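Chain residues, written in single-letter form:
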Amino acid sequence: MGYAAISELITTNHLAVFELLEQATDVIVASPHVTHVYVRGSLVHGTADRLSDLDFVAGVTDEQFCDFCDVLDVLMETEFNAILPGWRDSIVFPMGGIGYVYLIESGGKLQQLDFYVLPASRAADIPIRTGARLVFSRELPAAASVAPELEASVERRIADGRTRKPSLVERVVEVLVLALMIRKRIRRGQFFLAYGETHMVRTAVKELVKTALAPYSIYRGWYRLEEELGVTPLGQACVRDLRALVAAPPPEREADLDAMLDRCLRIANIAAPAATEELALGIDAYRAYLEMGAGATMEAIP
Amino acid sequence: MSAGTISRHEEEEPLSTLATLSPVALARQIARLTPLDTDMLGRVCHEVLTVPSRWVAGYGEYQSGGWWTLSLYNHNGDAADVTIRDGVAVETALLRLMPATRAFLRDLGLTYMWVRIAKLCANSFLWEHRDYAELSDRERSRLHIPLVTNSSAFVVTGGARVHLSPGHVWQLLPTHPHGACNLLGPARLHLILDCYPNKAFEELAGRPALAESDVTWLSGIPQDDIDASVEKASRLARLGYPRTAERSLLRLFFNRALPDGCAYDLVVRMYESIGCADQAAEWTAKKEVMLGGR
């Protein structure tokens, strides 16, 4: 037996992320070339909380797949209030496409939106492979198998998405995205996940510095870092800050995370000032939303 | 459609065809006026953030969505009436719930045509336009008092971005093409005062100034980049996202120095390139509405 009042309470207390899910789906499926929209993650498993992100998987016709990837950043910025370009997701389960993570403004708060796009020819069995839930599908005229040239072009695009070395701007975005994830882990008490993502942040900062100051290095990982970077005061400053970054324990409180993020952005500003300048407004907005989450209002009356 | 009256202060310099103004000319269009008492402003800000009411989305043609206003002074006392027009203004019922704001506005001693609170949400735009085109030729001025803002909220006019920081009254001469944006948020809150000249206004506006730090001069955009933007927008439209395509081009006005109306021309060009003559004609007409036929 149901109770109308309880149903109303459930509706009143529903997570804002479900409203976003509906609005975002409406936007995405406006394109007749989107064949499938799936949702993955905690929303499907019933473990979502107020911190949960939105995990989309979208199938796009093979013919339009590359174009769709090319315009995704503009779509996210214009329709979803993304405050930064997308971060090419290197930790998502591979499903035959490319994944991006966006930080979007929704309801006055910062929200993480994971968007994985793949060619429609690979989209039908996503639920079996991943446990994702279908929220939309579109029947298109039955086509013959995908032409080899088209398949090759799509595969080249996907491979490029996996293997292309991130730019300096993309590395800064990576740090900001990961820092938001770590904040979530701290709030939930997920120590090991926070540890893993902290390591990723440190690696991203190291890679940013190497790309900026030792772009032709033949050494991989952390090998010969001091020797390659420490040839100038600029490089020595980066090495010092990088050493402090990796020597600190993984943050267990948000204040420690804030300090870590400040250090990362300082290093980025030393090594790649053009990248941080390009993202200046996005970084300001990122900080503003975090401060609002902590109860402060940005740039009100002094 | 006629333009509003030019300010009596000085004769305006003609705008260049690239809409890039000299610093002096820019300061005549938008400038800081007098500083304000921060304690009082803090109280006004608190009232604006906490007085519950239903914000109104007016001037739909001029905005992207995300611009909401309520009237504090208008002609009938109904705060939800936000379509400005000439006449004698009275306090609205909303203002009577905001004693600090009411006292603040009275103490300014201005002769109001209209006073609004305006909220500009993240990723929201007042597209390039001229104001007052529908009004009479009576002289009036527009003042902004920022209450809450952020670094990605600014006014663009004459090829310059001007960030209106809190703590001062700002004057905007809205008959020149201009737009406002809040690119990334959080939400921006301003008081907007449309007023007629009087002694108090002359004292308030006696020393307009614009600091270098208030202004970011926008760079021009090479033709190749323009072509690339139009091409990307065309792809968006062909993918089934025409509104996104339009907005991606309109947003260029806020990032680059463009000639007046150029952003609208690019939307027209985009639709022509994909064979949508009807939509191209619609946007040609829209440009006339937004810029007053110039």
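Residues numbered from 1 in each chain as written. Chains lettered and ligands numbered in written order. Predicted model: local features only at pLDDT ≥ 70, side-chain atom pairs only at ≥ 80, totals over all residues.

### As for the sheet that holds strand β4 (residues 98–106) of chain A
Residue and element names in this part refer to chain A. Spatially, six strands are ordered β3-β4-β5-β2-β1-β6 in an open sheet, and the strand pairing comes out mixed. Edge strands, defined here as strands with exactly one partner in the open sheet, are β3 (87–88) and β6 (133–137). Sheet analysis places strand β2 (residues 54–60) next to strand β5 (residues 109–119), joined by seven bridges and oriented parallel. Across the sheet, residue V60 finds its bridge partner in β5, namely P119. Along the sheet face, helix α2 (residues 16–28) touches β1 (34–40), β2, β4, β5 and β6 and points at about 15° away from the line of β2. (Pairing = 2+ DSSP bridges. Helix = DSSP H or I, 4+ residues; strand = E, 2+ residues; numbered from the N terminus. Contact = placed C-beta atoms within 7 Å. Axes fitted to C-alpha atoms, helices over the stretch in contact; angles between N-to-C directions.)

### Section: helix α8 (residues 262–273) of chain B
Residue and element names in this part refer to chain B. With twelve residues, α8 extends 16 Å between its outermost C-alpha atoms, agreeing within 8% with the 16 Å of an ideal straight helix rising 1.5 Å per residue. Taken residue by residue, α8 has A263, Y264, L266, V267, V268, M270 and Y271 as its buried positions. In the core, the buried residues of α8 are packed alongside β5 (124–129), α6 (223–239), α7 (242–250) and α9 (277–291). Among the residues trailing α8, G275 stands out with phi positive, at a value near 75°. (Expected span 1.5 Å × (residues − 1). Buried ≥ 20, exposed ≤ 12 C-beta atoms within 10 Å, placed from the backbone.)

### Notes on the sheet that holds β5(B)
All names here are of chain B. Read from one edge of the open sheet, five strands run β5-β10-β7-β8-β12, paired in antiparallel fashion. Two strands close off the open sheet at either side, each with one partner strand: β5 and β12 (215–217). Strand-to-strand, the axes of this sheet are offset by a mean angle of 20°, without reference to chain direction. Sheet topology places strand β8 (residues 160–162) next to β12; three bridges connect them, and they run antiparallel. Of the residues in β12, the one forming a bridge with A160 is W217.

### Concerning the pairing of strand β6 (residues 141–148) of chain B
Residues and elements named next belong to chain B. With eight of eight residues buried, β6 lies mostly within the body of the structure. Here β6 runs beside strand β11 (residues 188–196); their pairing, made up of seven bridges, is antiparallel. Paired with R142 across the bridge in β11 is D194.

### A word on the domain arrangement of chain A
It is common to report an interface's size as the accessible area lost on association of the parts. Residues and elements named next belong to chain A. Domain annotation for chain A reports domain 1 (4–163) and domain 2 (168–293). Taking only C-alpha atoms into account, the centre of domain 1 sits 27 Å from that of domain 2. Between domain 1 and domain 2, the contact holds twelve residues from the first and 16 residues from the second. Of all the secondary structure elements, the ones that give two or more residues to the side of domain 1 that touches domain 2 are β3, β4 and β5. (Domains from an automatic or database assignment.)

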